[in-house]
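Tertiary structure, described
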Amino acid sequence: MSSTAELGDVLRALSQLRTGVDELYGRYGDVAVVRRIENDLQRLEIDVSELSTAAPGPPRQRSGASASNTANRGVTTQRESGQREIIEVPDTPYEPSWWQGVDDEGVGGQSPRND
């Protein structure tokens, strides 16, 4: 499939989304969640517009996605070279002074006691 045909498919999908968002405005009115969806759609339209002027690069498969299963669109931990990036987190305790005077989230404020 040529990049023109692929962009055409995406533009048709965005047009359908535009119709759906307009219907959401009609049903729910100008509420925050519909505005966020509208904002996401506008961002997609801008990105596709920019993409239509860019020269396509060499074809390659998306990392972490197979040709038959593109529904899994999670964040990948692979580098451009194909190697997995491993981020090590030490098991040693953090420096206690980092937390001096800080309240524990969910526990509530702790003030010094003068008993």
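Note that the coordinates shown come from a computational prediction; the quantities given were computed from them, not determined experimentally. Per chain, residues are indexed from 1 in the order of the written sequence. Two thresholds apply to this predicted model, a pLDDT of at least 70 for residue-level local features and 80 or more for giving and counting side-chain atom pairs, whereas whole-chain, interface and lining totals are computed over all residues. The side-chain figures draw on all heavy atoms in the structure; neither hydrogens nor water molecules are used.

**Some words on the overall build of the chain**
A run of H or I in DSSP counts as a helix once it spans at least four residues, and a run of E counts as a strand once it spans at least two, with each numbered from the N terminus. The helix and strand inventory of the chain stands at 2 helices and 0 strands. Throughout this description, buried means an accessible area under 20% of the type-specific maximum (1.4 Å probe, protein chains only), exposed means over 50%, and partly exposed covers the range between. Split into buried and exposed, the 115 residues of the chain put 8% on the buried side. Of the contacts made within the chain by residues no fewer than 6 positions apart, 32% connect residues no fewer than 24 positions apart. Reported accessibility uses the Shrake-Rupley method at a 1.4 Å probe radius. Residues are deemed covered only where the shown protein chains occlude them. Summed over its atoms, the accessible surface of the chain is roughly 10500 Å², and 52% of this surface lies on carbon and sulfur atoms. Throughout, a residue-residue contact means that at least one pair of heavy atoms, one from each residue, lies within 4.5 Å.

**A look at the packing of aromatic side chains**
Note on ring pairs: Phe, Tyr and Trp rings are taken, using the six-membered ring of Trp, and paired if centres are within 6.5 Å. Classes follow the plane angle, with under 30 degrees stacked, over 60 edge-to-face and the rest tilted. Enumeration over the complete set of coordinates arrives at 1 aromatic pair. Between the aromatic rings of Tyr94 and Trp98, the centroid separation amounts to 5.6 Å while the plane-to-plane angle is 40°, which identifies the pairing as tilted. Of the two residues examined, Tyr94 and Trp98, each falls in the exposed class.

**What to know about the confidence of the model for the chain**
The quantity known as pLDDT measures the predictor's confidence residue by residue, on a range of 0 to 100. Scored by pLDDT, the chain comes out at a mean of 77, with 67% of its residues at no less than 70. Confidence drops under a pLDDT of 50 for residues 66-76, and excluding neighbours within four residues, the segment shows 4 contacts in the predicted structure.

**Here we look at the packing of helix H1 (residues 3-28) against helix H2 (residues 32-53)**
It is the contact of H1 with H2, at a shortest axis distance of 10 Å, that shows an interaxial angle of 160°. The angle between H1 and H2 falls in the class roughly antiparallel. For the pair H1 and H2, the sense of crossing is left-handed. Where H1 abuts H2, its residues Leu7, Val10, Leu11, Leu14, Leu17, Arg18, Val21, Leu24, Tyr25 and Tyr28 lie against Val34, Arg35, Ile37, Glu38, Leu41, Gln42, Leu44, Glu45, Val48, Leu51 and Ser52. Here the term charged refers only to Asp, Glu, Lys and Arg, the term nonpolar to Ala, Val, Leu, Ile, Met, Phe, Trp, Tyr, Cys and Pro, and the term polar to all other amino acids, Gly among them. By residue class, the composition of the contact of H1 with H2 is 15 nonpolar, 2 polar and 4 charged. Axes here mean lines fitted to C-alpha atoms, for a helix over just the part in contact, with angles spanning 0 to 180 degrees between N-to-C directions. Convention used here: angles under 35 degrees read as roughly parallel, angles over 145 as roughly antiparallel, angles from 65 to 115 as roughly perpendicular, and any remaining angle as oblique. Each crossing gets its handedness from the near helix: less than a right angle anticlockwise from the far helix is left-handed, clockwise is right-handed.

**Brief notes about H2**
To estimate the expected span of a helix, subtract one from its residue number and multiply by 1.5 Å. Across its 22 residues, H2 extends 32 Å between first and last C-alpha, which sits within 8% of the 32 Å expected from 1.5 Å per residue. Restricting attention to buried positions, one finds in H2 the residues Val34, Glu38, Leu41 and Val48. Angular distribution of buried residues about the axis of H2 spans 85°; they occupy a single face of the element. Opposite its buried face, H2 presents the exposed residues Arg36, Glu50, Leu51 and Thr53, each directed more than 90 degrees away. Those residues of H2 hidden inside the fold are in contact with H1. Taken from the helix axis, the directions to the C-beta atoms give the arc we talk about.

**Focus on the side chain of Glu38**
Within the secondary structure, Glu38 is located in helix H2. Overall, the relative accessible area of 12% leaves Glu38 in the buried class.

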